[in-house]
Amino acid sequence: MINYQNDFLLKVPSGNLQISDLTLTDISKIDQQVYFSLIIPTYQERDNIKNVVSRLSQVLDEFIPGDYELIIVDDDSPDGTWEVAVSLIPEYPQLRVMRRQHERGLSSAVIRGWQAARGHILGVIDGDLQHPPHVLLQLLDAIQQGADLTVASRHTEGGGVSSWSFVRRFLSRGAQLLGLVILPSVLGRVSDPMSGYFIVRRQCITNVTLNPVGYKILLEVIGRGKVRQISEVGYVFSERKQGESKVTWKQYLDYIHHLVRLRFSTGKLGQFTQSIDFPINRFIRFGLVGLIGVFVDMAILYLLSDPTTLGLPLTRAKIIAGEIAIINNFLWNDAWTFADVVMQQQQWSQRLKRFLKFNFICMAGLVLNVLVLNLVFNFIIHNRYIANLIAIAVATIWNFWVNLKLSWRVTEVK
Ligand code: GDD
Ligand code: MN
């Protein structure tokens, strides 16, 4: 039974997330090439998948019969989505199914699918019918008119969301605004940069290594691809009828991480960080953890020292708040920023050693912080907030660099 199914499964590509040129790499595939490959990433979509495949086939059979493929990339869903998908292949010969067991995440699923794809035009659509299938025709049409990339958008004429609460709209727009500030050259090019429903010419994204985090694969395509003409088609993001969304608070963190990473790794700034060989990804994670630490520090300072709460003396409260923030940051950094290093040193004594070093270095960082603050404020810029910002930046780089070299370092070689 299992073997029978495995025969139908696509091999999962490995290595770099790079899409190759159809003509250059695998000449034997020429007779198998198709015009359009559409990826459907799935996780726990058992009850949706048959409907999705049948509706998409219906639309595409009419427009480009036999000249397309649907590729479901399932991350080994416990509900057996991939199994249901494989069982549909006899009825839908354009369907191919990939079951990923060693990698996870929406964006990388889409790229793995594109790597296995045989089409000149590559696309992606959600597997839960929140993206209306008929919009595909307009998207394909725009490509035929000469666009490199066409995006189904909620924020252009004919687009919208069906019944989102005020909070959800607010969060969605807030995320977009933040993106515009951090990465205007990418977010500014489309009205709905969060869209997960778009199609792109293969040649625009070949020979670059894509490196996405989280959900927003379109950012990566615009940020790293060679995309000239973009067009948009309005669509209404409908409500889910089956299954549930996989979005959690972690996606918001991933999103910010992704933005900052693109900011530092593309354009002029990217050339600079590459030339000095700075571990930019780790630094971003370290910085995000630091930001969480600031909130922890502030909250505890408030709880302990505010006259309306406990009313402890300021210095005492600050020492406690600072120490708790340091512990907080250590835990995050140990579990996330330096997870790969920690893998090799998991004993409790090693953990404790890392913590003590981290604590010590951060205290030195605090001293440096105060020093720089005073220096800048007294001799350079007489504005306490700008001076503080500069001081925090200097201390963060110090904290990061010294911790990188001392705390999270593989010292005992087996
Ligand atoms: N393979 C794989 N791996 N698929 C995943 C994963 C994963 O880790 N996480 C989610 N998916 C699949 C889901 O099964 C679904 O088909 C699709 O990706 C979207 O996931 P949802 O959880 O339904 O996301 P959503 O509807 O809240 O979010 C969507 O927001 C945008 C609105 O602009 C995004 O996914 C966009 O595609 C959408 O356009
Ligand atoms: Mn959805």
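Below is a short write-up of the structure. (Residues numbered from 1 in each chain as written. Chains lettered and ligands numbered in written order. Predicted model: local features only at pLDDT ≥ 70, side-chain atom pairs only at ≥ 80, totals over all residues. Heavy atoms only, no water.)

## Details of the site of ligand 1
The line we're drawing: Each residue is tested against the molecule or strand, and it is near if at least one of its non-hydrogen atoms lies within 4 Å. For the purposes of these results, a polar contact is taken to be a pair of N or O atoms within 3.5 Å, where, inside protein, one atom must be able to donate a hydrogen and its partner to accept one; residues adjacent in sequence count only when each atom of the pair is a side-chain atom. For the area figures, the Shrake-Rupley method with a 1.4 Å probe applies, and any residue is considered shielded solely by the protein chains shown. A run of H or I in DSSP counts as a helix once it spans at least four residues, and a run of E counts as a strand once it spans at least two, with each numbered from the N terminus.
Taken together, 26 residues are adjacent to ligand 1, and Glu-45, Asp-75, Gly-127, Arg-240 and Lys-246 come closest. Pro-41 places a polar main-chain atom, nitrogen or oxygen, 2.9 Å from an oxygen atom of ligand 1. One nitrogen or oxygen atom from the main chain of Val-73 is found 3.1 Å from a nitrogen atom belonging to ligand 1. Protein contact buries 94% of the 730 Å² of open area that ligand 1 shows by itself. When contributions to the shell around ligand 1 are tallied by element, the ones reaching two or more residues are β2 (34-42) and α5 (106-116).

## Let's talk about unusual backbone geometry
Operational definition: In this scheme, a residue with accessible area under 20% of its type's maximum is buried, one over 50% is exposed, and one in between is partly exposed, where area comes from a 1.4 Å probe on protein chains only.
Phi is positive for Asp-76, which is not a glycine, with a value near 55°. With respect to the helices and strands, Asp-76 occurs in the loop between β3 (68-74) and α4 (81-88). What makes Asp-76 partly exposed here is its relative accessible area of 22%. At Asn-207, a position not held by glycine, the phi torsion is positive, near 60°. With respect to the secondary-structure elements, Asn-207 resides in the loop between β8 (198-201) and α9 (217-224).

## Considering the environment of Met-363
Tracing the backbone through its elements, the reader meets Met-363 in helix α15 (residues 348-380). Taking relative accessible area as the criterion, Met-363 reaches 43% and is therefore assigned partly exposed. Sequence separation of Met-363 and Arg-173 is 190 residues, and the distance between their C-alpha atoms is 38 Å.

## What about the coordination of the manganese ion (ligand 2)?
Here is the rule we go by: A donor here means any N, O or S atom no more than 2.8 Å from the metal (3.2 Å for Na, K and Ca); water is not included, so a site may seem to lack partners.
At 1.9 to 2.0 Å from the manganese ion (ligand 2) lie its protein donor atoms, namely Asp-128 (OD) and Gln-130 (OE1). According to the relative accessible area criterion, Asp-128 is buried, its value standing at 4%.

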